[in-house]
Amino acid sequence: QVQLVESGGGLVQAGGSLRLSCAASGLTFSIYIMGWFRQAPGKGRDFVAAISWNGINTYYADSVKGRFTISRDNAKNTMYLQMNRLKPDDTAVYYCAVRRGVAFGISIDQYDYWGQGTQVTVSS
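Residues numbered from 1 in each chain as written. Predicted model: local features only at pLDDT ≥ 70, side-chain atom pairs only at ≥ 80, totals over all residues. Heavy atoms only, no water.

Draft legend 1. Geometry of the sheet that holds strand β8 (residues 78–83). Read across the open sheet, the four strands follow the order β1-β3-β8-β7; overall the sheet is antiparallel. Unpaired on one side and paired on the other, β1 (3–7) and β7 (68–73) mark the two borders of the sheet. In this sheet, neighbouring strand axes are inclined to one another by 15 degrees on average, regardless of whether the strands run parallel or antiparallel. (Pairing = 2+ DSSP bridges. Helix = DSSP H or I, 4+ residues; strand = E, 2+ residues; numbered from the N terminus. Axes fitted to C-alpha atoms, helices over the stretch in contact; angles between N-to-C directions.)

Draft legend 2. Layout of the pattern of salt bridges. Throughout the structure, instances matching the rule amount to four salt bridges. Of the charged contacts, one joins D90 and R38 as a salt bridge, the two residues approaching to 2.8 Å between their closest N and O atoms. Here D90 is found in the loop between β8 and β9 (92–99), whereas its partner R38 is found in strand β4 (residues 33–39), with 52 residues between them in sequence. The exposure class assigned to D90 is buried, which follows from its relative accessible area of 2%. Taking relative accessible area as the criterion, R38 reaches 11% and is therefore assigned buried. Linking D62 and K65 is a salt bridge whose minimum nitrogen-to-oxygen distance equals 3.0 Å. K65 gets classed as partly exposed once you look at its relative accessible area, which sits at 49%. (Salt bridge = Lys/Arg side-chain N within 4 Å of Asp/Glu carboxyl O. Buried < 20%, exposed > 50% of the residue type's maximum accessible area, 1.4 Å probe, protein only.)

Draft legend 3. Fine view of the pairing of β9. Summarising burial for β9: seven of the eight residues are buried, a large majority. Here seven bridges tie β4 to β9, and the two strands are oriented antiparallel to one another. In the sheet register, G35 faces β9, and the bridge partner there is A97. Both β9 and strand β10 (residues 113–114) contribute to a ladder of two bridges, which runs antiparallel. Bridge pairing in β10 places V98 opposite Y113.

Put into structure tokens, the structure is as follows:
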């Protein structure tokens with residue numbers, strides 16, 4: 001079965017950096033659009049970034065554009081999210097997801113498989 005495992009979360013001060021990883025198994029990783037979402041306490045799950053199957057095309061939420069970078073290594077079945085200049089508002093559980101569609105999606109119902117999430121906490 002499909003399994004997505006996020007890692008790399010933690011506690012960081014505002015202005016700092018973290019790199020999240022999402023290791024995938026049970027699917028042909030290299031053919032799918034992948035995405036990152038996040039869910040802050042008491043809020044819904046929001047789109048963060050997405051990347052095409054070959055890593056050439058990316059798409060970001062306005063709130064993270066210029067600070068976060070999504071990437072993937074198809075040889076390792078792994079996706080990454082480099083997060084720089086972190087802010088307290090970035091505090092959330094971060095989830096990776098697989099989309100079987102052919103175009104980018106930004107809503108949770110457009111993604112088919114999800115990881116369990118990794119906590120990112122940014123202190124002020």
